[in-house]
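Structure at a glance
Take a look at the letters that make up each chain.
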Amino acid sequence: MNITLTRSTGILPVLEARQRNPRFLNSNRPHGQDARATNNFMRIIRSIGGILQTLSESEAGPRDSARILTGLSAIDALLPGGGLTPRAMHEILSPTDMPSLFLPLLFARSAAKTGWIVWCDFEKRFYPPAAAALGLPLEKLVLLRPTSEREQLWAATECLRSAGVAACVMSAARLSFIQARRMQLAAERGGGIGLLLRPAKAMSQPYAAATRWLVRPEPGERTLQRWSAQLIHGHGGRVGKSVLLEVCHETHHVRALAAMGHRTNRAQAAAASA
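Below: a short report on this structure. (Residues numbered from 1 in each chain as written. Predicted model: local features only at pLDDT ≥ 70, side-chain atom pairs only at ≥ 80, totals over all residues. Heavy atoms only, no water.)

Let us now look at the nonpolar core. Formed by 41 residues in total, the largest nonpolar core has its most connected members in Ile75, Leu103, Ile117, Trp213 and Leu245. The leading source of residues in this core is helix α4 (residues 102-111), at seven residues. Filtering out sequence-adjacent residues up to four positions away, Leu103 remains in contact with Ile75, Ile92, Trp213, Val215, Ala229 and Leu245. Residues Trp116, Val142, Cys159 and Leu175 belong to the second largest nonpolar core, which totals 24 residues. (Core = buried A, V, L, I, M, F, W, Y, C linked by side-chain atoms within 4.5 Å. Buried < 20%, exposed > 50% of the residue type's maximum accessible area, 1.4 Å probe, protein only. Helix = DSSP H or I, 4+ residues; strand = E, 2+ residues; numbered from the N terminus. Contact = heavy atoms within 4.5 Å.)

This is the structure:
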């Protein structure tokens, strides 16, 4: 296993994992001595001056097990317990081939208060300036750029097992129940959250997530972009309810409005800002 850390665009670290050992082609994880070394390496990570380092669990400090609040009351009100469940996977489904990054960005910036954000950028579509404009701290962001979907799945699972990772974001069109369950177990061990971006056609496929969201684009205005986000799974949450997400491209101001059915009653909407 060869893991290198380089600089991209001069503003954030990029973590590139390349699996050179042929054994890795036949498994999601390495074996034997390589596995022990990699597990120890990925336990807790941090980047200083472009160098990837490890921390002991005592240096990283305890992970708060409290639910993660987004700061947007309309979203938090839908979630079980009023916030994102830690040590769990959360799925965001989109009806288009290109997944919507807005909701996962909101979730990731909330989790960044407790650790690193690892973003799997297999298709190299992630745009750091846009993420920074929405409040994601780039100094806490690690871009993971694997060279294959198999490699991405293995690396994301290992990152979820790391106690230093607060959130790991990954896109996956197809995922078996065993793979989904493996990621959930990794999140339970690491203590952070996993954000899995999937197409809407995966709604009927196996999953192992605490919550599932369906995000659709909505008509906007010249300076406003909108999405509807519906909670479609979440024990104890307001399943079936939606919020209207809105961002102003001029001010980068974000709002979440409580939706009623398929339309939003703005006069009675419970709005929150961040």
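From this point on, the discussion continues.
The terminal C-alpha atoms of helix α6 (residues 149-160) lie 16 Å apart, and with twelve residues this matches the ideal 16 Å at 1.5 Å per residue to within 8%. Most of α6 is tucked away, with ten of its twelve residues classed as buried. All of the buried residues along α6 are Glu151, Gln152, Leu153, Trp154, Ala155, Ala156, Thr157, Glu158, Cys159 and Leu160. (Expected span 1.5 Å × (residues − 1).)

Right, let's talk about the pattern of salt bridges for a bit. Under the counting rule described, the total for this entry stands at nine salt bridges. Residues Arg145 and Asp121 are paired through a salt bridge, measuring 3.3 Å at the closest nitrogen-oxygen approach. Placement of Arg145 in the loop between β7 (141-144) and α6 and of Asp121 in the loop between β6 (116-120) and α5 (128-133) is noted, with a sequence separation of 24 residues between them. Judged on exposure class, the residue Arg145 and its partner Asp121 are both buried. Of the charged contacts in the structure, one is a salt bridge between Arg125 and Glu123, with a shortest N-O distance of 3.1 Å. (Salt bridge = Lys/Arg side-chain N within 4 Å of Asp/Glu carboxyl O.)

Right, let's talk about the layout of surface pockets for a bit. What the largest pocket holds in volume is close to 1,100 Å³. If you go around the largest pocket, you meet 45 residues; those closest to its centre are Met98, Pro99, Leu101, Ser171 and Leu197. For the lining of the largest pocket, the secondary-structure elements that each account for two or more residues are α4, β6, α5, α6, β8 (165-171), β9 (193-199), β11 (224-233) and β12 (242-248). When residues of the lining of the largest pocket are assigned to their parent elements, the largest contribution, four residues, is made by α6. Across the lining of the largest pocket, the residue classes break down as 25 nonpolar, ten polar and ten charged. (1 Å grid on protein atoms, 1.4 Å probe; cavity = no way out; pocket = protein on both sides within 12 Å on 5 of 7 lines; lining within 4 Å. Points joined across faces, edges and corners; volume = space filled by probe spheres on them. Nonpolar A, V, L, I, M, F, W, Y, C, P; charged D, E, K, R; others polar.)

Orientation of α6 relative to helix α7 (residues 177-190), taken along the N-to-C sense of each, is 25 degrees, at an axis distance of 7 Å. When the interaxial angle is binned, α6 and α7 end up roughly parallel. Residues Leu153, Ala156, Thr157 and Leu160 of α6 touch α7, and the partners they reach there are Gln179, Arg182, Met183, Ala186, Ala187 and Gly190. For the contact of α6 with α7, the per-class residue count stands at six nonpolar, three polar and one charged. (Axes fitted to C-alpha atoms, helices over the stretch in contact; angles between N-to-C directions. Parallel < 35°, antiparallel > 145°, perpendicular 65-115°, else oblique.)

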